[in-house]
Structure formats: C-alpha cells, structure tokens
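# Reading the structure
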Amino acid sequence: MMSSAKSNPTKIPFETKRIQISSKRQITIPAKFFNALGFDKEIECIFSGDMLIIKPVKQEDSYFAEQILNDLIRLGYTGDQLLVEFKKMNRKVKPAVEKLIEEADRVAKLASMDSKNLTNNIFNDDDLDE
C-alpha cells in the first residue's frame with residue numbers, strides 16, 4: 001500500500017507491508033524492499049520509540065577515505081602533512097554522517113505519524129459495546 005498523507009510536508013511516499021514473525025523471531029524482508037535498498041549480508045537495526053527501523057549497512061568508510069585522500073593529494077599534501085590533514089578531514093566525516101542520520105530519523109518520524117492503523121475502521125470496534 002503506497003501512502004502519502006496530507007500532514008507530511010515533504011510529501012515523501014512510503015509503502016507498508018505486514019510481515020509475519022517466525023517462532024524464532026525471524027522475519028523475511030520482501031524481495032522488492034530488499035532489492036530497492038541494496039541489502040547484502042547485514043542490516044542496521046534502530047529502535048526508536050515504538051518503531052524498529054531496518055536499513056542496509058553501508059561500507060562508506062573506505063569510500064570516504066579514498067575521496068579524502070584524493071582531494072588532499074590533489075591539493076599537494078604529502079608525507080606527514082598528508083597524514084595530519086587526512087586525520088583532520090576524516091574527523092569531519094562522522095558529524096556529517098550523524099547529521100544525515102538525524103535527517104533520516106526526522107523523515108522516519110514523519111512517516112510514522114502519517115501511518116494510520118485502519119483496522120478499527122475495517123472491524124468497526126464500536127459494535128463491540130453492544
């Protein structure tokens with residue numbers, strides 16, 4: 001089910017799917033979600049409030065390191081100075097990634113507020129009082 005609620009100011013569509021949990025607490029991620037997110041052999045699992053967020057583990061460390069080194073070499077750094085500058089730049093990566101994670105958390109929170117449990121409408125729980 002694709003959803004895009006009116007209260008979502010960024011108009012980010014999201015899709016929900018009910019998944020069964022096995023007796024061993026295991027779930028099967030639908031192939032569509034698995035492929036779209038590029039899952040491999042590990043996931044990152046985040047618990048926040050009443051939500052469990054599952055996302056792919058990205059091996060970004062080497063990518064960032066390569067990019068930083070390329071930039072520093074292009075700027076002419078070599079030897080010990082290259083190492084000093086690399087350490088400075090590498091320390092800036094974590095705060096930038098944390099900011100991205102905070103933004104992802106904000107988007108997830110918006111998505112969860114827009115997610116509505118419609119089972120009461122389907123089963124008309126008001127009739128239970130009669």
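For every chain, the first residue of its written sequence is number 1, and the numbers climb from 1 along that sequence. Local features in a predicted model are, by the rule used here, given only for residues with pLDDT of at least 70; side-chain atom pairs are given and counted only at 80 or more, and totals for whole chains, interfaces and linings are based on all residues. With hydrogens and water set aside, each side-chain value is computed from the structure's full complement of heavy atoms.

### So, the overall build of the protein
The helix and strand inventory of the protein stands at four helices and four strands. Here a helix means four or more residues in a row that DSSP labels H or I, a strand means two or more in a row labelled E, and each is numbered from the N terminus. The helix and strand sequence of the protein, counted from the amino end, reads β-β-α-β-β-α-α-α. Each residue is placed in one exposure class: buried if its accessible area under a 1.4 Å probe, protein chains only, is under 20% of its type's maximum, exposed if it is over 50%, and partly exposed if it falls in between. Expressed as a percentage of its 130 residues, the buried residues of the protein come to 15%. For the protein, restricting intrachain contacts to residue pairs at least 6 apart in sequence, the fraction spanning at least 24 positions comes to 26%. The contact criterion used is simple: two residues touch if any of their non-hydrogen atoms lie within 4.5 Å.

### Side note on the side chain of glutamate 85
Inspection of the secondary structure assignment puts glutamate 85 in helix α3 (residues 79-114). Overall, glutamate 85 belongs to the buried group, its relative accessible area being 12%. The residues contacting glutamate 85, other than those within four sequence positions of it, are Leu72 and Tyr77.

### Here's the deal with the pattern of salt bridges
Take a side-chain nitrogen of Lys or Arg and a carboxyl oxygen of Asp or Glu: if they are within 4 Å of each other, that pair is a salt bridge. Under the criterion given, the structure shown has four salt bridges. Among the ionic pairs, glutamate 15 bridges to lysine 32, the shortest N-O distance being 3.2 Å. A residue pair is termed long-range when its members are at least 10 positions apart, and glutamate 15 in strand β2 (residues 14-15) and lysine 32 in helix α1 (residues 31-37) qualify at 17 residues. Linking arginine 106 and glutamate 103 is a salt bridge whose minimum nitrogen-to-oxygen distance equals 2.6 Å. Taken together, the residues arginine 106 and glutamate 103, both in helix α3 and three residues apart, mark about one turn of the helix. The partly exposed category is assigned to arginine 106, whose relative accessible area is 36%.

### Observations concerning the confidence of the model for the protein
A residue's pLDDT is the predictor's confidence in that residue, given on a scale from 0 to 100. Chain-level pLDDT for the protein is 78 on average; 75% of the residues reach the 70-or-more range. Ranking the elements of the protein by mean pLDDT puts strand β1 (residues 2-3) last, at 45, and α1 first, at 89. Within the model, pLDDT remains below 50 along residues 1-8, and this stretch shows 15 contacts once partners closer than five positions in the same chain are excluded.

### Structural notes on the environment of phenylalanine 86
Position of phenylalanine 86 among the secondary structure elements: in helix α3. A C-alpha to C-alpha distance of 8.2 Å links phenylalanine 86 and alanine 65, two positions 21 residues apart in sequence. Leaving out residues up to four positions away in the same chain, phenylalanine 86 has contacts with Ala65, Ile68, Leu69 and Leu72.

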